Amino acid sequence: MTAILSTSGLGKRFDGLRANHDIDFALAPGEIHALIGPNGAGKTTFVSMLIGRLAPSEGTIRFDGRDVTRMPAHRRVALGMAYTFQITSVFGRLSCAENVALAARGRDADVQRALERVGLAERAAEIAGDLSYGHQRLLEIAMGLAQRPRLLILDEPTQGLAESEVAAFKQLIRALVPDTTILLIEHNMSVVMELADRITVLNFGEVLAQGTPAQIHDNPAVQAAYLGTGGQDAED
Ligand SMILES: Nc1ncnc2c1ncn2[C@@H]1O[C@H](COP(=O)(O)OP(=O)(O)OP(=O)(O)O)[C@@H](O)[C@H]1O
């Protein structure tokens, strides 16, 4: 397998704290890979390094065969990485189509196609701020898709969604692969277990386990890690 994205010995220190340590990670093209871990495990730190928001203290990141460790975020986007934020980032006073057009940088065909893929084509002219929270999250994904990413990184995409919206989200993600590779940072375990081909578990900034949903589900170290922090994440 030639990974679309990989890290080797990746680490980040904040003063004395090792937020990430010696992370070896590989994402296969076309897979849905979930990144999970208890609160404070280092998921956001890891993804921030992948997308170029945070400089690693050590290690390397490769994307599509290139070393991107020191590459600025906008150049990674140009290479095909897209990231959607944990907190909704749409422009509330613009229409849905205008929001997606900003991300598509003038490619009108991509705007329409992205809105269609997330099921918002009929709301193209609606003001984004008037949409329900769930629809705003979908709009955000459309903004990511309009960049024609090869890798889409989704940060807590189902947070705040209603049950029916979560079901629609799962369908949407399944329809995106294998053209787009998905890295999913997600607390909702049923979403992770249903969608992911493989899962990486972080704990105290290190890789605790990697495997299929069944392997992760049955892994005693993973169970202990979640129970150690109250267990609520594992039960979601
Ligand atoms: N800018 C920073 N300065 C200092 N410490 C930080 C900084 N960012 C994160 N940390 C620390 O690094 C550790 C990992 O945090 P991180 O946010 O990456 O975890 P997480 O797995 O994303 O958590 P959550 O699930 O709660 O979002 C935590 O102990 C956190 O307090």
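Rules behind the numbers
- Residues numbered from 1 in each chain as written.
- Predicted model: local features only at pLDDT ≥ 70, side-chain atom pairs only at ≥ 80, totals over all residues.
- Near = placed C-beta within 6 Å.
- Helix = DSSP H or I, 4+ residues; strand = E, 2+ residues; numbered from the N terminus.
- Nonpolar A, V, L, I, M, F, W, Y, C, P; charged D, E, K, R; others polar.
- Pairing = 2+ DSSP bridges.
- Axes fitted to C-alpha atoms, helices over the stretch in contact; angles between N-to-C directions.
- Contact = placed C-beta atoms within 7 Å.
- Expected span 1.5 Å × (residues − 1).
- Buried ≥ 20, exposed ≤ 12 C-beta atoms within 10 Å, placed from the backbone.

Draft legend 1. A look at the site of the ligand. Near the ligand the following residues occur: Phe14, Leu17, Ala19, Gly37, Asn39, Gly40, Ala41, Gly42, Lys43, Thr44 and Thr45. The set of elements that each furnish at least two residues to the shell around the ligand consists of β2 (17-27) and α1 (43-51). Here the element with the most residues in the shell around the ligand is α1; it accounts for three residues. For the shell around the ligand, the class distribution of residues is four nonpolar, six polar and one charged.

Draft legend 2. Representation of the sheet that holds strand β8 (residues 181-185) within the structure. Strand order across the open sheet formed by six strands is β6-β7-β8-β3-β9-β10, with mixed pairing between neighbours. Strand pairing shows two members of the sheet lacking a second neighbour, β6 (81-84) and β10 (206-211), which therefore form its edges. Ignoring which end each strand starts from, the neighbouring axes of this sheet average 15° apart. Note that strand β3 (residues 32-36) and β8 share four bridges and pair parallel. By the bridge assignment for β8, leucine 35 is matched with isoleucine 185.

Draft legend 3. Just the pairing of β10, in detail. Note that strand β9 (residues 198-203) and β10 share five bridges and pair antiparallel. Counterpart to asparagine 203 in the pairing with β10 is glutamate 206. Hairpin connection of β9 to β10: two residues between the antiparallel strands, including phenylalanine 204 at a positive phi of 50°.

Draft legend 4. Main features of the environment of leucine 195. Among the structural elements, leucine 195 can be located in helix α7 (residues 189-195). When the C-alpha positions of leucine 195 and proline 157 are compared, they lie 13 Å apart, and in sequence the two are 38 residues distant. Once residues within four sequence positions are removed from consideration, leucine 195 is found in contact with Ile32, Lys170, Ile173 and Leu184.

Draft legend 5. Spotlight on helix α5 (residues 133-145). For α5, built from 13 residues, the straight-helix expectation of 18 Å at 1.5 Å per residue is met to within 8% by its first-to-last C-alpha distance of 19 Å. Burial within α5 is extensive, with eleven of its 13 residues counted as buried. Turning to α5, its buried residues number three or more, namely His135, Gln136, Arg137, Leu138, Leu139, Glu140, Ile141, Ala142, Met143, Gly144 and Leu145. Structurally, α5 contributes buried residues whose contacts are with β6, α3 (96-104), α4 (108-117) and β7 (151-155).

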